[in-house]
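Coordinate inspection notes
What follows is the residue order along each chain.
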Amino acid sequence: MLLCASMLAGCGKSEEEQQTEQQTTEQESADNTNGIGMTSEDCKGKVLAWNVGVDSASFDPANSISADSKSVINNTLEGLMRNTGEGAAPAMAQQMPEEKVNEDGTVTLTYTLREATWSDGQPVTAGDFAFAWKRCADPENQMSNAYLMSVLANYDDIAAGLADIEELGVKAVDDTTLEVTLKQPTAYFNELLCLPAFMPLREDVAGTDSSWSKDPQRAVANGPFVFAGYTEGKELILKKNDNYWNKDTVAMDYIVARMLDEQMAPVGMAFGDISMTAGTVEQPQAQTDTAGNTVEVPQLAETIEASSVDSNRIVSLVVNANTGNSYLKDAKVRAALSQTLDRTAAAQAAGGDAVAKPALSLSTQAGDILSAQPDTQAALEAVEAVEAKDEDKSIEIVYLDNEQTQAALETVKSAWESLGFSVTLTAQDPQTFTLSRNSLQYSDVLCSVWDADVQDQQLYLQPYLSSNMQSGCGYSNPEFDQLMLDAIQGEQAQRQSALTDAEKLLLSDAYVMPLYRQMVTITTDTAKVSGWSVSADGTLWFGSAAPAEK
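Being a predicted model, the structure only gives us computed values, none of them experimental. (Residues numbered from 1 in each chain as written. Predicted model: local features only at pLDDT ≥ 70, side-chain atom pairs only at ≥ 80, totals over all residues. Heavy atoms only, no water.)

Re the pattern of salt bridges
Spelled out, the test is: In the sections that follow, a salt bridge refers to a side-chain nitrogen of Lys or Arg positioned within 4 Å of a carboxyl oxygen of Asp or Glu. Here a strand is any run of E in DSSP of at least two residues, a helix any run of H or I of at least four, and the numbering for each starts at the N terminus. Note on classification: 1.4 Å probe, protein chains only; a residue is buried when its accessible area is under 20% of the maximum for its type, exposed when over 50%, partly exposed between these limits.
Here the structure, examined in full by the defined rule, presents 14 salt bridges. As a salt-bridge pair, Arg-202 and Asp-120 come within 2.8 Å of each other at their nearest N and O atoms. In this pair, Arg-202 is assigned in the loop between α6 (189-192) and α7 (203-206) and Asp-120 in the loop between β7 (107-112) and α4 (126-137), connecting sequence segments 82 residues apart. Look at Asp-120 and you get partly exposed, because its relative accessible area is 41%. Lys-413 is the salt-bridge partner of Glu-417, the closest N and O atoms lying 2.9 Å from each other. In this pair, Glu-417 and Lys-413 both sit in helix α13 (residues 403-417), four residues apart, roughly one turn of the helix. Using a relative accessible area of 36% as the deciding quantity, one classes Glu-417 as partly exposed. Overall, the relative accessible area of 23% leaves Lys-413 in the partly exposed class. Three or more residues joined by partner-sharing salt bridges are found here, namely Asp-120, Arg-202 and Asp-204.

This is the structure we're talking about:
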């Protein structure tokens, strides 16, 4: 089981890991000129003005970790599969793969590519996929998304320097046949194939660095749009790719991606400079021009609406399995502490309906395992029934310093103090928090923020396998481990049942207390655009977008 835990490590990230990688990616972004290629003034016809926000992330699929960069890549490159809101479906693959379980426990998947070309007319080949995956996995390249390749055979040995990158479990049999070998059954693999890291790249374009990714004169595309223009700190232009295999379904001629911060996005929406942006938008205040004159901002149109979907990010409380607190060592007390949480209040404090929702389970696939209504009286009785050795009923909660998290934890503090505990909230910087989490160097409780790469129940549970340090709490339960192993090795029906049983067991042990799930919110002017979609990690898809019917 320890081997299984090691093999499953990855396919999800904690918040502090993402912050560190984001900083690294920004520092290593390509050297950019002030302007290359087209500008928004050149865009005629059907144009979608979208606020991409920042101009700091790489557009290299192997290094892309933020929603803005993923959205650009998602609309310029196309992988074997694509998810537009209804699960993974064949894209560059003609159909779902042929599957063979090998005697050594590995699984071989064979994908047949459809006939397609890059934006410069060269054919897209299986070799382009094999190159991209090996480039991402190669430890010498130090790519941020290399961990995603850990599902492939021989990755662990390659990462440890014990095998050559050519031994990675991906092979171009011929120009249209890609053979993939997984180290073990991985039910969510086709969902992973929708992520940028698994999209194809041309070796003559990409090489080993990311400098090409912001250069419209060098980048090529096999998706619905091609990178056509870039002005540093201002905008980038995506143009319809006339060589895209499914171009007849693409309605927009251009995507103009403007770079407005959170304060300026509402202004851009009010003036009509953008018709789509991440987050909610409220009526902006009047602005002051460079001469000090007040500029009245138009009212937001009535057709501007926000829509939200569940994200992959779950915020939970985890109890240190090595805690010296006698109360927290007691399963009944842990269950009582979880039972008394007002998860709705926590979600509202974290930002409200458009930002967060109460989490009544770890995954979205398990349904509501926990009660939506806190039961303080029952919890109080459970705590009072415990014959704890400690006279001091104190609990410290450590968290990564963040106003949103602190606001939510204030509701936790209030709930637990109603049970007679003294609760202290301790904010920590990323470096200290990472040490607390990975080395269990905290006394009682830690607020854990976990991102699964795709919405699969297994990815929300596997951090809690025995000896998996990703849990942040040191949880270990052989019964849970066995249920997870049954799920990994079983057929789909057995897998779902075993995962749900594992999640129920995990939450009944109450070393893990889900608090709230963050939401992905996009605001659009519905009078201007329709047909777009957004995934659980905030990645937008414009291949089906069209001007709204009037």
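Here we look at empty space enclosed by the protein
Worth spelling out the cut-off: A 1.4 Å probe that fits into a set of points on a 1 Å grid over the protein atoms alone but cannot get out defines a cavity; an open set with protein on both sides within 12 Å along at least five of seven lines defines a pocket, and lining residues are those with an atom within 4 Å of a point. Grid points are joined across faces, edges and corners, and a volume is the space filled by probe spheres set on the points. As a working rule, the residues Ala, Val, Leu, Ile, Met, Phe, Trp, Tyr, Cys and Pro are called nonpolar, Asp, Glu, Lys and Arg charged, and the rest polar, with Gly in that last group.
Summed over all chains, the structure comprises five cavities of 30 Å³ or more. Here the element with the most residues in the lining of the largest cavity is helix α3 (residues 67-76); it accounts for three residues. Residues belonging to the lining of the largest cavity are distributed by class as follows: nine nonpolar, two polar and no charged.

Notes on the state of the cysteines
Under the convention used in this document: Two cysteine sulfur atoms make up a disulfide if the distance between them is within 2.5 Å.
On inspection of all chains with the given rule, the structure shows zero disulfides. Cys-447 takes part in no disulfide bond, and the closest cysteine sulfur, belonging to Cys-473, lies 13 Å away.

Details of the packing of aromatic side chains
How we decide: Pairs were defined over the aromatic rings of Phe, Tyr and Trp, the Trp ring being its six-membered one, requiring ring centres within 6.5 Å. Orientation was assigned from the angle between planes: stacked under 30 degrees, edge-to-face over 60, tilted for the rest.
Per the stated rule, a full pass over the model turns up nine aromatic pairs. Look at Trp-133 and Phe-198: their rings are 5.2 Å apart centre to centre, the planes differ by 90°, and that puts the pair in the edge-to-face class. A residue pair is termed long-range when its members are at least 10 positions apart, and Trp-133 in helix α4 and Phe-198 in the loop between α6 and α7 qualify at 65 residues. By the burial criterion, Trp-133 is buried, and Phe-198 matches it. Taken together, a centroid distance of 5.7 Å and an interplanar angle of 75° make the contact between Tyr-475 and Phe-480 edge-to-face. Comparing Tyr-475 with Phe-480, the two get one shared label, buried. Each residue in the set Trp-133, Phe-189 and Phe-198 is aromatic and connected to the rest through ring pairs, giving one cluster.

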